[in-house]
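What the coordinates show
Residue strings, one per chain:
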Amino acid sequence: TAETYDTPQEIGQVLAKLPSRCRSGTAGDLMSRPVASLREDAALSSAVDLFQRERHSTYPVVDQAGRVTGLLRRADCLEWLKHHALDSAASVKDLPVKRPLLVSPETPLPEVFETLVRTGASKAVVVDAESGLLGILTLYDLLTCEAGAG
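Structural notes, computed from the coordinates. Being a predicted model, the structure only gives us computed values, none of them experimental.

**What about the sheet that holds strand β4 (residues 102–103)?**
Ordered in space as β4-β5-β6, the 3 strands form an open sheet in which the pairing is mixed. At either end of the open sheet lies a strand with only one pairing partner, and these are β4 and β6 (133–138). Pairing geometry for β4 and strand β5 (residues 123–127), over 2 bridges, is parallel. Considered in β5, the bridge of Leu-102 is made with Val-125.

**Examining the pattern of salt bridges**
The full count for this structure, using the stated rule, is 6 salt bridges. Across the pair Arg-67 and Asp-63 runs a salt bridge whose closest N-O atoms are separated by 2.9 Å. Where Asp-76 meets Lys-98, a salt bridge forms, and the shortest distance between an N and an O atom there is 3.5 Å. Here Lys-98 lies in the loop between α5 (74–84) and β4 and Asp-76 lies in helix α5, a separation of 22 residues in the sequence. Asp-76 sits in the buried class, given a relative accessible area of 14%. The structure contains a network of salt bridges with shared partners spanning Arg-73, Asp-76 and Lys-98.

**Looking at the environment of Leu-139**
Along the chain, the position of Leu-139 falls in helix α7 (residues 139–143). When its relative accessible area of 22% is taken as the criterion, Leu-139 is described as partly exposed. Distance from Leu-139 to Ala-124, taken between C-alpha atoms, is 8.3 Å for residues 15 residues apart in sequence. Discounting residues that sit within four places of it in the chain, Leu-139 has contacts with Phe-113, Leu-116 and Ser-122.

Reading the values: the criteria
Residues numbered from 1 in each chain as written. Predicted model: local features only at pLDDT ≥ 70, side-chain atom pairs only at ≥ 80, totals over all residues. Heavy atoms only, no water. Pairing = 2+ DSSP bridges. Helix = DSSP H or I, 4+ residues; strand = E, 2+ residues; numbered from the N terminus. Salt bridge = Lys/Arg side-chain N within 4 Å of Asp/Glu carboxyl O. Buried < 20%, exposed > 50% of the residue type's maximum accessible area, 1.4 Å probe, protein only. Contact = heavy atoms within 4.5 Å.

See the structure below:
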C-alpha cells in the first residue's frame, strides 16, 4: 500500500526484488487484454449482466467513442443497488464511477509500479493517445509477471 513504501529508496528496494521482466518491460508488454468494459450510456442491467458473466472486481467505463472515462467497482455498484434497486431508467453513468489511473502502453513497468504504490491504486488502465482502452495492468500482475501474466 502507499503507506508501506514512503520513500523512493524503499520503492527501489522492492523493485529490485521483482522479476527482471517486471523491471525492463512496458505496460503494453504485460497488460491483460481484452478487457471487459461498460459503456457509460448502457442500462444498469448491462452492468449486472456483465457481473454475472465476468468475475472481475473492477471494470473500465468508456464513452461512445471508446475513451476511458472511469472505473466501476463491482462492490460499489452492488452497494448502490441496495439503495436504488434495479432502476430501469438508470444507466452506468449514474453509478459511483471512480477516476481511473491511466497509463500509456509505453510506460515503463517500474514507473507503473511506483505510481500504483504511491497512489494506493491496485490497477492501471492502459490507453492509447486518445484514451482508448487497450488493456489493464494490476499490481498483482507486476508482482507475479514471470508466472505467466499478460
